[in-house]
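Here is what each chain is made of, one letter per residue.
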Amino acid sequence: MTPRMPSITDVAAAAARLRPLLAPTPLVRSERFDGWLKLEALQVTGSYKVRGALNAMLVALAGGDRRPVVAASAGNHARGMAWAARRLGIEAHAVVPVTAPRTKVLGAEMLGARVIRSGDSYEDALDHALSLAARHDWRFLPAFDDPDVIAGQGTVGWEIEASPDVVLVPIGGGGLASGVGLAMRERGVRVVGVQVEGIDAMARALDGRPELASVPATIADGVRVRAAGELTRQICAEVLDDVVTVPESEIRDAVVELAAFDRVVAEGAGALACAALGRVRGRRKIAVVSGGNIDLATLAVLAGDAFRARPAGATLPSGTEHAAPGTFERETV
């Protein structure tokens, strides 16, 4: 059965539903990236994913469905689902690829979810999660291709009270881009999706090109999917103004520069939109820093690589230089 198409009304309802449980995340200025950062890395689970998971579970509870939930995830959806499930008193199971970052897996387990490692990719984990849902009559909680999940992710955009020219959003399966696009379209704000070069499932779907035959490894594991969602593809076709791609090397640089210049810890997918800020025109630009759940060992390696590659005589920044609020008022949690 084709899921219903969510609307701005669903995003507004999700915002009201989540407001008592999740604090808004801040919007801060970055001089290094010459734009503003919507810091979902500071979300309660370190990622925006908890918004969609919690909204979908609250909707199900309102309909009387208290079955255990199971999800497939690269890591952050599992952690968001686990937090929501513990808060709502629901049993939770998460299937993740064996390549899922240890930080994300441990985060979901510490919140009470049973984590099952299966396969080398998100698609492998998805197949196993769907089989578990059918076998045990658990409720499957999609990571992105679900109207209530999309509406929950749209609350990221709903919280942005400033008037930007453009908002940049990372894209994996397309849930965040769809939701933010729905929220921003009503205000006439351009929305640009950002993908990793060679891992451009949504761009391919929108252009009518074949799906990726395989998905290479990337620092941006949170967007490492082979195919975009069907529902998210339809929505993104309506709400996105453009999709741009960024090479792996620039994403790695963005992770380090966010930490060094802006004191923001971001995972690869979280830094993806920041890496594209210079590729998009606009006087008032916002990049969604979608998550901060990076393994410290990985961050240390990236920082070390950046240090060794710096030009002779150059130094890494010693402090953070945030501009005083100007065009936008700085929001606080």
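What counts as what
Residues numbered from 1 in each chain as written. Predicted model: local features only at pLDDT ≥ 70, side-chain atom pairs only at ≥ 80, totals over all residues. Heavy atoms only, no water. Helix = DSSP H or I, 4+ residues; strand = E, 2+ residues; numbered from the N terminus. Rg over C-alpha atoms; globule rule 2.2 N^0.38 Å. Buried < 20%, exposed > 50% of the residue type's maximum accessible area, 1.4 Å probe, protein only. Contact = heavy atoms within 4.5 Å. Areas by Shrake-Rupley, 256 points an atom, 1.4 Å probe, with all protein chains shown as cover. Lys, Arg positive; Asp, Glu negative; His and termini not counted. Charge placed at Lys NZ, Arg CZ, Asp CG, Glu CD. Phe/Tyr/Trp six-rings, centres within 6.5 Å; stacked < 30°, edge-to-face > 60°. Lys NZ or Arg CZ within 6 Å of the ring centre and 35° of its normal. Pairing = 2+ DSSP bridges. Right-handed = clockwise from strand over helix to strand, strands pointing away. Salt bridge = Lys/Arg side-chain N within 4 Å of Asp/Glu carboxyl O. Axes fitted to C-alpha atoms, helices over the stretch in contact; angles between N-to-C directions. pLDDT = per-residue confidence, 0-100. Polar contact = N/O pair within 3.5 Å; in protein donor to acceptor, adjacent residues only side chain to side chain. Expected span 1.5 Å × (residues − 1). Parallel < 35°, antiparallel > 145°, perpendicular 65-115°, else oblique. Left-handed = near helix turned anticlockwise from the far one by under 90°. Nonpolar A, V, L, I, M, F, W, Y, C, P; charged D, E, K, R; others polar.

### Notes on the overall build of the protein
Looking only at helices and strands, the protein has 12 helices and 10 strands in total. Relative to the 2.2 N^0.38 estimate, which gives 20 Å for 333 residues, the radius of gyration of the protein is 19 Å and therefore close to what a compact globule would have. Classification of the 333 residues of the protein by burial places 58% in the buried group. Of the contacts formed within the protein by residues at least 6 apart in sequence, a portion of 73% connects residues at least 24 apart. Counting only carbon and sulfur atoms, one obtains 50% of the accessible surface of the protein, whose full area is about 13700 Å². Across the protein, 37 positive and 39 negative side-chain charges occur, with their mean positions spaced 3 Å apart.

### Structural notes on the packing of aromatic side chains
Ring pairs (aromatic) are described by centroid distance and by the angle formed between their planes. In this structure the tally under the stated criterion is one aromatic pair. A cation over a ring is seen here: Arg32 above Phe33, with NZ or CZ 5.3 Å from the ring centre. The ring of Phe261 has Arg32 sitting right over it, with the charged end atom 5.8 Å from the ring centre.

### Side note on the pairing of strand 3 (residues 69–72)
The alternating pattern of strand 3 places Val69 and Ala71 on one face and Val70 and Ala72 on the opposite face, and all of these are buried. Two elements, strand 3 and strand 4 (residues 92–96), share four bridges in a ladder whose sense is parallel. Each bridged residue has a counterpart across the sheet, and for Val70 the counterpart in strand 4 is His93. Crossover connection from strand 3 via helix 3 (residues 76–88) to parallel strand 4: handedness right-handed. Where strand 3 meets strand 6 (residues 139–140), two bridges bridge the pair, whose relative direction is parallel. Bridge pairing links Val69 to Arg139 in strand 6.

### Comments concerning the pattern of salt bridges
Scanning all chains against the criterion turns up 23 salt bridges. Close ionic contact of Glu238 with Arg185 constitutes a salt bridge, the shortest N to O distance being 3.5 Å. Residue Glu238 is located in helix 9 (residues 230–239), and its partner Arg185 is located in helix 7 (residues 175–185); the two are separated by 53 residues in the primary sequence. Under the relative-accessibility criterion, Glu238 is labelled exposed at 53%.

### With respect to the sheet that holds strand 9 (residues 242–246)
In spatial order, the strands read 1-2-10-7-8-9; together these six strands make up an open sheet with mixed pairing. Of all strands in the sheet, those bounded by a partner on one side alone are strand 1 (27–30) and strand 9. Ignoring strand direction, the axes of neighbouring strands in this sheet form an average angle of 30°. Bridge analysis of strand 8 (residues 190–196) against strand 9 gives five bridges, and the strand direction is parallel. Residue pairing for strand 9: Val196 is matched across the bridge by Val246. Each of strand 1, strand 2 (35–39), strand 8 and strand 9 is contacted by helix 10 (residues 248–262), which is oriented at about 90° to strand 9, the strand it contacts most. Its contacts with the sheet put helix 11 (residues 268–275) on strand 2, strand 7 (166–170), strand 8, strand 9 and strand 10 (285–289), and the angle it makes with strand 10 is roughly 170°.

### Observations regarding the confidence of the model for the protein
Taken residue by residue, the protein gives an average pLDDT of 91. The fraction at 70 or more is 92%. Taken together, the stretch residues 317–333 has pLDDT below 50 and engages in 42 contacts with residues farther than four places along the chain or on a different chain.

### Comments concerning the side chain of Asp65
By the secondary structure assignment, Asp65 is in the loop between helix 2 (49–62) and strand 3. Only 2.9 Å separates the side chain of Asp65 from the side chain of Arg67, close enough to count as a polar contact. When residues no more than four places from it in sequence are discounted, the contact partners of Asp65 are Ala60 and Arg139.

### Focus: helix 12 (residues 296–309)
For helix 12, built from 14 residues, the straight-helix expectation of 20 Å at 1.5 Å per residue is met to within 8% by its first-to-last C-alpha distance of 20 Å. Burial in helix 12 covers these residues: Leu299, Leu302 and Gly304. Looking at the buried positions of helix 12, the neighbouring elements they touch are helix 10.

### Let's talk about the packing of helix 3 against helix 4 (residues 102–110)
For the pair helix 3 and helix 4, the least separation of the axes is 8 Å and the interaxial angle reads 10°. When the axes of helix 3 and helix 4 are compared, the pair comes out roughly parallel. For helix 3 against helix 4, the interelement crossing comes out left-handed. Seen from helix 3, the contacting residues are Asn76, Ala78, Arg79, Ala82 and Arg86; seen from helix 4, they are Thr103, Lys104, Gly107, Ala108 and Met110. Along the lines of polarity and charge, the residues of the contact of helix 3 with helix 4 split into four nonpolar, three polar and three charged.

### Regarding the packing of helix 2 against helix 3
Remark: helix 2 packs on helix 3, axes separated minimally by 8 Å, with the N-to-C direction vectors making an angle of 40°. The angle between helix 2 and helix 3 falls in the class oblique. For the pair helix 2 and helix 3, the crossing hand works out as right-handed. In this structure, helix 2 uses Lys49, Val50, Ala53, Leu54, Met57, Leu58 and Leu61 to contact helix 3, whose residues at the interface are Asn76, His77, Gly80, Met81, Trp83, Ala84, Ala85 and Leu88. Along the lines of polarity and charge, the residues of the contact of helix 2 with helix 3 split into 11 nonpolar, three polar and one charged.

### Here's the deal with the sheet that holds strand 6
Strand order in this open sheet of four strands is 5-4-3-6, and the pairing throughout is parallel. If you trace the sheet from one side to the other, it starts and ends with strand 5 (114–117) and strand 6, each paired once. The strands touched by helix 4 are strand 4 and strand 5; relative to strand 5, the strand with the most contacts, the crossing angle is about 145°.

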